[in-house]
Amino acid sequence: MSPWRQPLRWPLLLLLLTVAGGWLLSDERAQATAFVGRLALGLLAFQAVYFYLTTAFTDGRLRRTLWALTAALAGLLVLTLIGTRWPAAKFLLPLDAIYQRLPTLLTDTLHPNVAAAGLLLLLPIPCVLFLDDLRRPRSPWARGLSLAVSLLTLFVLLLTQSRAAWLALAGMALAAAFHQVQRAWLRWLLIVLSAAAAGLLLWLARAALAADWLNRQMVWAQGLAMLQDFGLTGIGPGSFGALGPQLYADFWMGDLSFVAPHAHNLFLQVGIDLGIAGLTAYLALLATAAALASSAWRHRPAPLVRLTAGAVLLSLLALVLDGLLDIGVWGSQGGFIAWIVLGLAASLGHARP
């Protein structure tokens, strides 16, 4: 099967063209090359998922794919627990005692925000297997395993103290609950209570968040200036941290000791790296994937397909919400996970109606 017969081919082709241009323009060639290598790994994962499922789309193949991704999530959990640079007193939770008991066995450690983004995108997968087994019981061991992986993922997400991931997780939970509630007044009550809870948490954490919020505002201001100045071509992946202090020192109020490695916003970062054309391609890629998953969720009566489509929509929602504050799935070690989700979305159109 040709890799260019899949429904995401046109935005993907435009994205690849802008990546090639970004690599040529980047002043940080080593980092840009690493970005291209990770993108190539993601594209291989995308094509593997798409090819396997669309060769002969059956419930059995879909279930085996979901179990394979659950195993990948379990492996990522292990890597996170033994190879993460855990935060020190980052937020309100006193977790240092737990951090001290966790070994660091990897030399190339993960940033907790990167680990959190990858875990977040795969979290809906074992949930699908658990719900499918509740619907049609097959094996209590399989049901217990999928539930255990889901709960352990939530625990490790707590350990990462990634506020972007927590925001995305709350958004996923709210979206799932909103779908389950049928009465209009209950939906409004759910929204009001969620907003009140978010406001209370922000008020309680206002002192801890104040300095960080100021830094984010400066980073975003610098990023918007970069996008305005280099919107046509972008600056190339990996150049943000080097060019920022040189060209936009005024945004740091004279303090050059703090160097932001990225724009702390996924979509702003894509635009800075690849230009407006690259950002347009990336947004089209996500929008097309969401449309495919939404269509499968609405028009494919097979329960497992519908559950998987819902999981893909939740993963894409998590990607967007996490991307408002971070760039965990863009050019990082876990970036290929986003391509796996996109591969699932592209393949859902081949499910039997």
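In case you missed it, the structure is sitting above this.
Residues numbered from 1 in each chain as written. Predicted model: local features only at pLDDT ≥ 70, side-chain atom pairs only at ≥ 80, totals over all residues. Heavy atoms only, no water.

A. Just the overall build of the protein chain, in detail. When helices and strands are tallied, the protein chain shows 14 helices and 0 strands. Going from N to C terminus, the protein chain has its helices and strands arranged as α-α-α-α-α-α-α-α-α-α-α-α-α-α. Relative to the globule expectation of 20 Å for 353 residues, the C-alpha radius of gyration of the protein chain, 21 Å, shows essentially globular dimensions. Each principal axis of the C-alpha atoms in the protein chain carries an extent, and together these give about 60 × 50 × 50 Å. (Helix = DSSP H or I, 4+ residues; strand = E, 2+ residues; numbered from the N terminus. Rg over C-alpha atoms; globule rule 2.2 N^0.38 Å.)

B. Geometry of empty space enclosed by the protein. Taken as a whole and judged by the stated rule, the model has 2 cavities of 30 Å³ or more. Of the volumes computed, that of the largest cavity is approximately 110 Å³. In this structure, the largest cavity is lined by F35, R38, L39, Y282, V329, W330, G331, G335, F336, A338 and W339. For the lining of the largest cavity, the elements supplying multiple residues, two or more each, are α2 (29-55) and α14 (335-347). Sorting elements by how many residues they give to the lining of the largest cavity places α14 first, with 4 residues. When the residues that make up the lining of the largest cavity are grouped by side-chain class, the tally is 8 nonpolar, 2 polar and 1 charged. A volume near 30 Å³ is recorded for the second largest cavity. Forming the boundary of the second largest cavity are L121, L286, S315, L316, L319, A338, V341 and L342. Broken down by secondary-structure element, the contributors of at least two residues to the lining of the second largest cavity are α13 (303-323) and α14. (1 Å grid on protein atoms, 1.4 Å probe; cavity = no way out; pocket = protein on both sides within 12 Å on 5 of 7 lines; lining within 4 Å. Points joined across faces, edges and corners; volume = space filled by probe spheres on them. Nonpolar A, V, L, I, M, F, W, Y, C, P; charged D, E, K, R; others polar.)

C. Seen up close, the pattern of salt bridges. Counting across every chain of the model gives 4 salt bridges. R138 is the partner of D132 in a salt bridge, and the nearest nitrogen-oxygen pair spans 3.1 Å. Here D132 falls in the buried class, since its relative accessible area comes to 2%. Notably, a salt bridge pairs R143 with D133, separated by 2.4 Å at the nearest N-O pair. (Salt bridge = Lys/Arg side-chain N within 4 Å of Asp/Glu carboxyl O. Buried < 20%, exposed > 50% of the residue type's maximum accessible area, 1.4 Å probe, protein only.)

D. Expanded view of α2. Taking 1.5 Å per residue as the helical rise, α2 with its 27 residues ought to reach 39 Å, and the 38 Å between its terminal C-alpha atoms agrees with that figure. Looking at α2, one finds that the buried residues are A32, F35, L39, G42, A45, F46, Q47, V49, Y50, L53 and T54. Residues of α2 that are buried sit in contact with α1 (9-25), α3 (59-82) and α14. (Expected span 1.5 Å × (residues − 1). Contact = heavy atoms within 4.5 Å.)

E. Here's a closer look at unusual backbone geometry. Positive phi outside glycine occurs at Q161, with the angle close to 50 degrees. Its location among the elements puts Q161 in the loop between α7 (140-160) and α8 (163-180). Overall, the relative accessible area of 1% leaves Q161 in the buried class. Positioned with a positive phi, H264 is a non-glycine residue whose angle comes to about 55 degrees. Along the chain, H264 turns up in the loop between α11 (240-247) and α12 (266-299). We classify H264 as buried; its relative accessible area is 13%.

F. Focus on α14. In a regular helix each residue adds 1.5 Å, so 13 residues correspond to 18 Å; α14 covers 19 Å between its end C-alpha atoms and thus fits that length. Taking burial as the measure, the 13 residues of α14 include 12 buried ones, the bulk of the element. Inspection of α14 places G335, I337, A338, W339, I340, V341, L342, G343, L344, A345, A346 and S347 among the buried residues, and these make up the whole buried set.

G. Examining the nonpolar core more closely. Judged by nonpolar contacts, the single largest core of 69 residues is most densely connected at L15, Y282, W330 and L342. Looking at this core, the element that brings in the most residues is α12, giving 12 residues. If we ignore the near neighbours within four places in the chain, the residues touching Y282 are L15, L266, F267, V270, L319 and W330. Within the second largest apolar cluster, 13 residues are counted, among which are L227, F240, Y248 and A260. (Core = buried A, V, L, I, M, F, W, Y, C linked by side-chain atoms within 4.5 Å.)

H. Just the packing of aromatic side chains, in detail. In the structure shown here, the tally under the stated rule is 6 aromatic pairs. Taking 6.4 Å as the distance between ring centres and 5 degrees as the angle between the ring planes, the aromatic pair formed by F46 and Y50 counts as stacked. You can see F46 and its partner Y50 sitting in helix α2, 4 residues apart, about one turn around the helix. A centroid spacing of 5.3 Å and a plane angle of 10 degrees characterise the contact between W86 and Y99, whose relative ring orientation is stacked. You can see W86 sitting in the loop between α3 and α4 (96-101) and its partner Y99 sitting in helix α4, a full 13 residues away along the chain. Per residue, the accessibility class of W86 equals that of Y99, and both read buried. Members of the aromatic cluster, each reached through a chain of ring pairs, are F35, F267, Y282 and W330. For the cation-ring pair, R29 lies above W23, with the distance from its terminal atom to the ring centre recorded as 4.3 Å. (Phe/Tyr/Trp six-rings, centres within 6.5 Å; stacked < 30°, edge-to-face > 60°. Lys NZ or Arg CZ within 6 Å of the ring centre and 35° of its normal.)

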